[in-house]
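Observations on chain architecture
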Amino acid sequence: MTYHQGPTSLWLNLALMTAISGCSNAEPTNTTAPASPNAISLPVIDPYLGEQLFPDEKAIALQTSLLIEKTLRKQYRPGEVRRDAHPKSHGCVKAEFRVEESLPEHLAKGMFIPGKTYQAWIRFSNGSSDATRADIKRDARGMAIKVLGVPGQMILPGEEEASTQDFIMINHPVFFANDPGRYLSLIKHQGSGSVWDKLRAPFDLGAKGTLIALQTINKKIANPVQTRYWSMVPYQLGNGPDRQAVKYSARSCSTTAVSLPDKPGHDYLRDALRSTLQNGDACMDFLVQPRTSSRMEVEDSMTEWKEADAPFYKVATLHIPRQVFDTPEQNRFCENLSFTPWHSLPEHKPLGVTNRARKVIYDHVSRVRHEMNSATRQEPQ
Ligand code: HEM
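Not measured: the values here are computed from a predicted model.

**Re the overall build of the chain**
- A count of helical and extended segments in the chain gives 8 helices and 9 strands.
- By the compact-globule yardstick of 21 Å for 381 residues, the chain fits well, its C-alpha radius of gyration being 19 Å.
- In terms of principal-axis extent, the alpha carbons of the chain reach across some 55 × 50 × 45 Å.
- Taken across its 381 residues, the chain has 58% of its residues classed as buried.
- Here the chain contributes 45 positively and 41 negatively charged side chains, and the mean placements of these two sets differ by 5 Å.

**Some remarks on the packing of aromatic side chains**
- Under the counting rule described, the total for this entry stands at 16 aromatic pairs.
- Residues Phe112 and Phe167 carry aromatic rings whose centres are separated by 6.2 Å and whose planes lie at 15° to one another, so their mutual orientation is stacked. Here Phe167 lies in strand S4 (residues 165–170) and Phe112 lies in the loop between strand S1 (89–99) and strand S2 (117–126), a separation of 55 residues in the sequence.
- Residue Phe112 is classed as buried on the basis of its relative accessible area of 1%.
- Between Tyr248 and Phe286, the aromatic rings sit 5.4 Å apart at their centres with planes inclined by 35°, giving tilted as the arrangement.

**Thoughts on the coordination of the iron atom of the ligand**
- Inspection of the coordination sphere of the iron atom of the ligand shows a single protein donor, Tyr362 (OH), at 1.9 Å.
- When you line up the elements, Tyr362 lands in helix H8 (residues 353–372).

**Here we look at the pattern of salt bridges**
- In total, this model carries 28 salt bridges according to the counting rule given.
- With a closest N to O distance of 3.1 Å, Arg228 and Glu307 form a salt bridge. Here Arg228, found in the loop between helix H5 (201–217) and strand S5 (229–230), pairs with Glu307, found in the loop between strand S8 (282–290) and strand S9 (313–320); they are 79 residues apart in sequence, far enough to count as distant.
- The exposure class of Arg228 is buried, given its relative accessible area of 18%.

**Quick notes on the side chain of His348**
- Along the polypeptide, His348 turns up in the loop between helix H7 (328–335) and H8.
- On the basis of relative accessibility, which here comes to 1%, the residue His348 falls in the buried class.
- Setting aside residues up to four positions removed in sequence, His348 forms contacts with Lys109, Gly110, Met111, Phe112, Gln165, Tyr235, Gln236, Leu237 and Tyr248.

**What to know about the state of the cysteines**
- Summed over the entire model, instances satisfying the criterion amount to 2 disulfides.
- Linked covalently through their sulfurs, Cys92 and Cys334 form a disulfide whose S-S length is 2.3 Å. Disulfide Cys92 to Cys334: torsion about the S-S bond roughly 75°, handedness right-handed. Remark: Cys334 occurs in helix H7 and Cys92 occurs in strand S1; sequence separation between them is 242 residues.

**Observations regarding the pairing of strand S3 (residues 141–147)**
- Counted residue by residue, S3 has 7 buried out of 7 residues, so it is predominantly covered.
- Side-chain alternation along S3 places Arg141, Met143, Ile145 and Val147 on one buried face and Gly142, Ala144 and Lys146 on a second face that is also buried.
- Sheet analysis places S2 next to S3, joined by 7 bridges and oriented antiparallel. By the bridge assignment for S3, Trp121 is matched with Lys146.

**Overview of the nonpolar core**
- Phe97, Phe112, Met143, Ile145 and Phe286 are the most contacted members of the largest nonpolar core, which has 76 residues in total.
- In this structure Phe97 touches Met111, Phe112, Lys116, Thr117, Tyr118, Val147, Phe167, Phe286, Ala316, Thr317 and Leu318, once residues within four positions along its chain are discounted.
- Among the nonpolar cores identified, the runner-up in size contains 8 residues, and Leu148, Ile168, Leu337 and Phe339 belong to it.

**Some points on the confidence of the model for the chain**
- Residues with a pLDDT of 70 or more make up 90% of the chain, whose mean pLDDT is 91.
- Across residues 1–34, where pLDDT falls below 50, the model places 106 contacts with residues more than four positions away in sequence or in other chains.

**Quick look at the pairing of strand S7 (residues 244–252)**
- When you tally the buried positions in S7, you get 8 out of 9 residues, the bulk of the element.
- Inspection of the sheet shows S5 paired to S7 by 2 bridges, in the antiparallel sense. Within the sheet, the bridge partner assigned to Tyr229 lies in S7 and is Ala250.
- Two elements, strand S6 (residues 235–237) and S7, share 3 bridges in a ladder whose sense is antiparallel. Considered in S7, the bridge of Leu237 is made with Gln244.
- Hairpin remark: S6 followed by S7, antiparallel, with 6 residues in the connecting loop; positive phi at Gly238, about 95°.
- Here 7 bridges tie S7 to S8, and the two strands are oriented antiparallel to one another. Note on S8: the bridge partner recorded for Ser252 is Met284.

The rules we used
Residues numbered from 1 in each chain as written. Predicted model: local features only at pLDDT ≥ 70, side-chain atom pairs only at ≥ 80, totals over all residues. Heavy atoms only, no water. Helix = DSSP H or I, 4+ residues; strand = E, 2+ residues; numbered from the N terminus. Rg over C-alpha atoms; globule rule 2.2 N^0.38 Å. Buried < 20%, exposed > 50% of the residue type's maximum accessible area, 1.4 Å probe, protein only. Lys, Arg positive; Asp, Glu negative; His and termini not counted. Charge placed at Lys NZ, Arg CZ, Asp CG, Glu CD. Phe/Tyr/Trp six-rings, centres within 6.5 Å; stacked < 30°, edge-to-face > 60°. Donors = N, O, S within 2.8 Å, 3.2 Å for Na, K, Ca; no water. Salt bridge = Lys/Arg side-chain N within 4 Å of Asp/Glu carboxyl O. Contact = heavy atoms within 4.5 Å. Disulfide = S-S within 2.5 Å. Pairing = 2+ DSSP bridges. Core = buried A, V, L, I, M, F, W, Y, C linked by side-chain atoms within 4.5 Å. pLDDT = per-residue confidence, 0-100.

This is how it looks when you write it as structure tokens:
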């Protein structure tokens with residue numbers, strides 16, 4: 001999808017919104033294979049945590065996968081395929097995920113082992129599906145963390161032996177749709193080429209979804225490491241009878257205010273990240289927000305879990321050491337990574353219909369991307 005300026009740009013921005021939409025012991029798992037979204041089954045729902053099946057959710061996830069595949073095949077030549085969503089990266093940096101020395105028992109679950117340090121990659125991105133767009137344009141911003149060397153058997157079929165746990169976040173606390181059918185209608189209409197169809201975005205998303213979408217993309221940031229990010233959608237924490245629903249967030253450890261540059265270059269967010277990490281280390285807090293009431297529904301990602309009702313707890317520090325990250329090799333490595341919330345231990349299982357749909361969609365779209373680029377699809381060690 002391409003970005004156009006003009007009177008319809010507000011709604012076209014919603015099209016861009018659809019865009020929101022190494023170091024361990026294990027052997028790498030090479031999982032490139034012919035693309036078939038049917039191969040991935042939807043997860044079993046967990047009624048104990050409030051999950052409920054959405055009508056036709058599997059069919060909708062399959063249709064969404066195939067529609068995104070069609071868009072990618074039309075938009076890109078083989079060898080040049082980018083992510084359908086968040087294709088513009090500001091850089092992929094090495095980090096350490098340092099779990100707090102002491103954690104309350106209800107948070108010390110899964111990979112949150114008190115005192116443990118993991119190596120990690122973090123990819124910062126713009127949400128727009130137009131990778132050529134200037135950073136100063138309003139947009140959602142993404143932060144995808146891939147923690148390496150995580151012990152235990154992972155959820156994804158065929159990738160059980162991988163040792164990566166991903167956490168994917170955007171700089172807004174809520175997602176614009178609870179209904180995957182609305183998301184599908186949105187991308188169908190935005191990709192149709194007809195101006196009338198493009199104007200249907202508010203009808204596709206409804207009033208609340210449209211408002212959230214506009215708030216999500218209405219953002220300018222000064223530096224990717226000095227921005228706050230949220231998981232938007234919920235995750236399980238722990239296994240067994242004491243499992244709970246949580247959301248995640250990450251924010252800078254520093255409270256120093258940063259401002260937009262006076263003359264922002266086309267890629268000033270990459271420049272800001274490069275300059276920050278040339279001059280020293282950066283640091284972010286990784287936070288977990290346990291649900292405090294069953295009224296905070298796991299199938300409703302459009303309603304914020306207010307911090308006043310459900311506080312965030314720091315579980316780890318993301319230490320990003322001084323480094324040179326902007327090299328052709330590292331950028332290529334990063335573009336060939338695949339992030340999905342389903343790169344996960346069962347203790348951090350993604351919850352809710354948006355996440356269930358993402359299980360099928362991210363796998364399929366990443367396979368198409370790697371196939372078309374003749375790139376090896378494997379989880380790093
Ligand atoms: C039904 C809902 C959604 C759909 C269909 C969708 C679709 C996609 C697709 C196709 C990709 C590219 C995958 C690849 O090529 O490997 C992607 C990446 C991404 N998505 Fe979503 N997404 C959805 C919901 C969300 C939500 C709720 C978040 C909130 C955190 C999110 C954040 C991101 C981010 C940050 C990336 C970039 C990850 C990276 O750096 O590789 N998405 N999404």
